[in-house]
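# Descriptive structure summary
This is what each chain is made of:
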Amino acid sequence: MSAADFSKSIAIRFASGGLEAILTLRPGLTAEERTFEYIRSAVLASGVVPRRIDEEALRTGVEAYDFAEGSPEQVIATGDAAEPASPVRVELRDDVLAALEAAAALRRMADGSTPPDDLSEAATHGSPDPGAECDGLAQSHYNRSAFVVVEAGRALGRLVPAFEGKDGEDVTGAVIQAKPLTAKTYEPDDSVQVDAEGLISARVPGLLDVTGAGPIVRDTLDIDSDVDFSTGNVNFPGDVNIARGVRDLFQVRVGGSLHTGDVIEAATIEVQRHATLAVGMAGRGKGSITVGRDLEARYLDDVDVHVGGNLRIDRELSNCRIEVQGALEAPKCRVVGGEVRVVGRCEVAQSGSPAGAPTVLILGHIPEFETIVARSTEMLDRLDAQSKDVQERLKMLSGLGSRMTAQQAEELTELQFLVMDGAEKSKKMTAGLGRVVGLMDRVAEPSLTVHKAVYAGVRLHIGVHIALITADVAGPLEVKLDEAGDPVIVDLASASSRPISAVAEVTHDPDSVDLDAARALAGRQAEAPGQAA
């Protein structure tokens, strides 16, 4: 029988894309038509296959039938939905998810100019600078981080295998095709590693990025704002690019190179490689910047500066405390106030000011090496004096010949050992002294080139001398040591030179080391062992 052969009071409709068959029994069915077998036959005639019929639900619907009112709708058959294919996916660890949420909560702050009062619990317990101590609530605001930085080996999550999908079946027995794979499959890059059990961990340190199909670790951190309360302190193992500046009291520690686009205030900056400040830094006596290699900036004002390579400044160095292991390359820069220590060559536009701002330039000095030279020289002098005493006693005993007593013969043997031991020590120390002095000769370049003027009040430390400039001197000029080790001023326009004492009060620098004397001592001591033998 077809569906048309059954009573019109039996209504069957399909819903949910064919995954449900719904039965409605209207009033007026005869006694024969309202039996279970009759109604089941009507359901089958509608196209529902037997295996999809819920016999219990169908019987309930039949038993609930009322001749005058019929029966309510009843789902009497169900199908199986298709299960779509899914790619390999990642389940992140709970602690990683918590750190990501804490960082996201901080980034959602609209105003980073003042410490927030009502951060979420997740942000409050976010991933702080691992090297910092939280000193109360105020300090913790600085130590929050808007970024999740991971170390190499950090466990991140696990891979969940791909699912190929499973076809479904509607109530008529028709196949429902599973949707094919459309989502992008996670493909780990070299920044992470996946073990045989599917566990994912960071291969390298860096910024955890989960914006794609799975985690990767980036070696560069890009910050599109200031470093302030919306970011927290920054401690990153790779390169850092800050679109704007760094606000007061924040800390930025960078294992690679740093680039900033705006002013750095009284912050603490530590960079292992190069640093480029598109504007500069105004430290107000509290800010500091330490750079392992080269530093470039437009200006530095009242900052403690340590540079392992070269320092390049475009406009001004004002009231800074600066140590540069390489050269100061600043031909357009004014150096006004503060103290600048430069191991290599120093080139500026102006030193000091017409108002006589106290400005100190220390040229070609390496305190760490000079300390070694001074101590080595002192020890070599002491060894030399001891050697002379031993040699005199040894000469006296050797002259006794056969008149020497047994005790004197034993003393003679001991003195001969002391001579050889002292000579060996002197040889090693002399070699070390020679290497240090040689390294200083290669690295240090005590010279100052000034293109516009050196003003009275500038104090220059060069060689073993201190020269306090007493009269303004127009450039272009160069201050350097002559062959005798005395400071001279060379007029670069005429190539003429004159002693610096013509424009300065020159005194001996008590903190300096006489490298010529150290070279002479090293040369003398190098010959001493052979002479002693």
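Every chain is numbered on its own, with residues counted from 1 as its sequence reads. For this predicted model, a pLDDT threshold of at least 70 governs which residues receive local features, and a threshold of 80 or more governs which side-chain atom pairs are given and counted, while totals over whole chains, interfaces and linings are taken from all residues. Hydrogens and waters are ignored; side-chain quantities use all the structure's heavy atoms.

Let us look at the pairing of strand S22 (residues 304–307). Only one face of S22 is covered, namely the face carrying Val305 and Val307; the face carrying Asp304 and His306 is uncovered. Only when DSSP finds a minimum of two bridges between them are two strands counted as paired. Labels follow the DSSP assignment, with helices taken as runs of H or I lasting at least four residues and strands as runs of E lasting at least two, numbered in each case from the N terminus. In the sheet, strand S20 (residues 288–291) pairs with S22 via 4 bridges, with the strands oriented parallel. Paired with Val291 across the bridge in S22 is Val307. Here S22 runs beside strand S23 (residues 311–324); their pairing, made up of 4 bridges, is parallel. Bridging across to S23, Val305 finds its partner in Ile322. Under the scheme applied here, a residue whose accessible area is under 20% of the maximum for its type counts as buried, over 50% as exposed, and between as partly exposed, the area being computed with a 1.4 Å probe on protein chains only.

Take a side-chain nitrogen of Lys or Arg and a carboxyl oxygen of Asp or Glu: if they are within 4 Å of each other, that pair is a salt bridge. Considering all chains together, one arrives at 27 salt bridges under this definition. Residue Glu55 pairs with Arg40 through a salt bridge whose shortest N-O separation is 2.9 Å. One end of the pair, Glu55, is in helix H2 (residues 55–63); the other, Arg40, is in helix H1 (residues 36–45), with 15 residues separating them in the sequence. Judged by relative accessible area, which is 32%, Glu55 ranks as partly exposed. Residue class for Arg40 comes out partly exposed when judged on its relative accessible area of 23%.

For the bond running from Gly475 to Pro476, omega is 0°, close enough to zero to count as cis. Looking at the secondary structure, you find Pro476 in the loop between strand S30 (473–474) and strand S31 (477–481). Backbone geometry places Arg284, a non-glycine residue, at a positive phi of 50°. For Arg284, the position within the fold is in the loop between strand S19 (275–282) and S20. Assessed through its relative accessible area of 51%, Arg284 is described here as exposed. Of note in this structure, Asn319 is not a glycine but carries a positive phi near 55°. Residue position: Asn319 is located in strand S23. The exposure class of Asn319 is partly exposed, given its relative accessible area of 40%.

Here the focus is the sheet that holds strand S2 (residues 20–25). Pairing within the open sheet is antiparallel, and its 3 strands lie in the order S1-S2-S3. The strands lining the two open edges of the sheet, one partner per strand, are strand S1 (10–15) and strand S3 (71–78). Strand-to-strand twist across the sheet, computed as the mean angle between neighbouring axes with direction ignored, equals 25°. Bridge count for S1 against S2 is 6 bridges, and the pairing is antiparallel. Bridge pairing in S2 links Phe14 to Ala21. Sheet strands touched by H1: S1, S2 and S3. Its angle to S1, the strand with the most contacts, is close to 40°. Packed on one face of the sheet, H2 meets S2 and S3 and runs near 165° to S3. A fitted line through C-alpha atoms represents every axis, and for helices the fit uses only the stretch in contact; the resulting angles, taken between N-to-C directions, go from 0 to 180 degrees. Only heavy atoms enter the contact rule, under which two residues are in contact if any of them lie within 4.5 Å.

Relative to the elements of secondary structure, Ser9 occurs in the segment before S1. The exposure class assigned to Ser9 is buried, which follows from its relative accessible area of 15%. Ser9 has contacts with Thr24, Leu25, Arg26, Pro27 and Leu29, leaving out every residue within four places of it along the chain.

Moving on to the pairing of strand S24 (residues 328–342). Examined bridge by bridge, S23 and S24 share 10 bridges and lie parallel to one another. Bridge assignment links Arg321 to a residue of S24, and that residue is Glu339. Looking at chain direction, S24 and strand S25 (residues 346–351) are connected through 5 bridges and run parallel. Across the sheet, Val335 pairs through a bridge with Ser351, a residue of S25. Pairing of S24 with strand S26 (residues 359–363) involves 5 bridges; the strand directions are parallel. Looking at the pairing, Glu339 lines up with Val360 of S26.

By this rule the span expected of a helix is its residue count minus one, scaled by 1.5 Å. Taking 1.5 Å per residue as the helical rise, helix H7 (residues 406–443) with its 38 residues ought to reach 56 Å, and the 56 Å between its terminal C-alpha atoms agrees with that figure. Here H7 has its buried residues at Leu412, Leu415, Val419, Ala423, Ser426, Met429, Thr430, Leu433, Val436, Val437, Gly438 and Met440.

On to H1. Taken together, the buried positions of H1 are Phe36, Tyr38, Ile39, Ala42 and Val43. Axial view of H1: buried residues confined to an arc of 170°, hence all on one face. Gly47 sits one or two positions beyond H1 and adopts a positive phi of about 115°. To obtain the arc, one takes the directions from the helix axis to the C-beta atoms.

Attention now moves to the packing of helix H6 (residues 367–398) against H7. Where H6 meets H7, the closest approach of the two axes is 9 Å, and the angle between their N-to-C directions is 155°. Put simply, H6 runs roughly antiparallel to H7. Relative to H7, the crossing made by H6 is left-handed. Across the contact of H6 with H7, the residue classes tally to 18 nonpolar, 8 polar and 4 charged. The cut-offs work like this: below 35 degrees is roughly parallel, past 145 is roughly antiparallel, 65 to 115 is roughly perpendicular, and the gaps in between are oblique. Each helix crossing is assigned a hand: it is left-handed if the near helix lies turned anticlockwise from the far helix by less than a right angle, otherwise right-handed if that turn is clockwise. Classes in brief: Ala, Val, Leu, Ile, Met, Phe, Trp, Tyr, Cys and Pro nonpolar; Asp, Glu, Lys and Arg charged; the others, Gly included, polar.

What follows is about the environment of Val150. Its location among the elements puts Val150 in strand S5 (residues 149–150). Taking the relative accessible area as the measure of exposure, Val150 reaches 2% and is therefore buried. Measuring from C-alpha to C-alpha, the distance between Val150 and Ala431 comes to 46 Å, with 281 residues separating the pair along the chain. Those residues in contact with Val150, other than ones at most four positions away along the chain, are Leu156, Ala202, Val204, Pro205, Gly206, Leu208 and Val217.

Let us look at the sheet that holds S5. Read across the sheet, 3 strands follow the order S5-S11-S12 without closing on themselves; strand pairing throughout is antiparallel. Two strands close off the open sheet at either side, each with one partner strand: S5 and strand S12 (216–218). In terms of strand pairing, strand S11 (residues 206–209) meets S12 through 3 bridges, oriented antiparallel. Each residue of the ladder has a partner; that of Leu207, found in S12, is Arg218.

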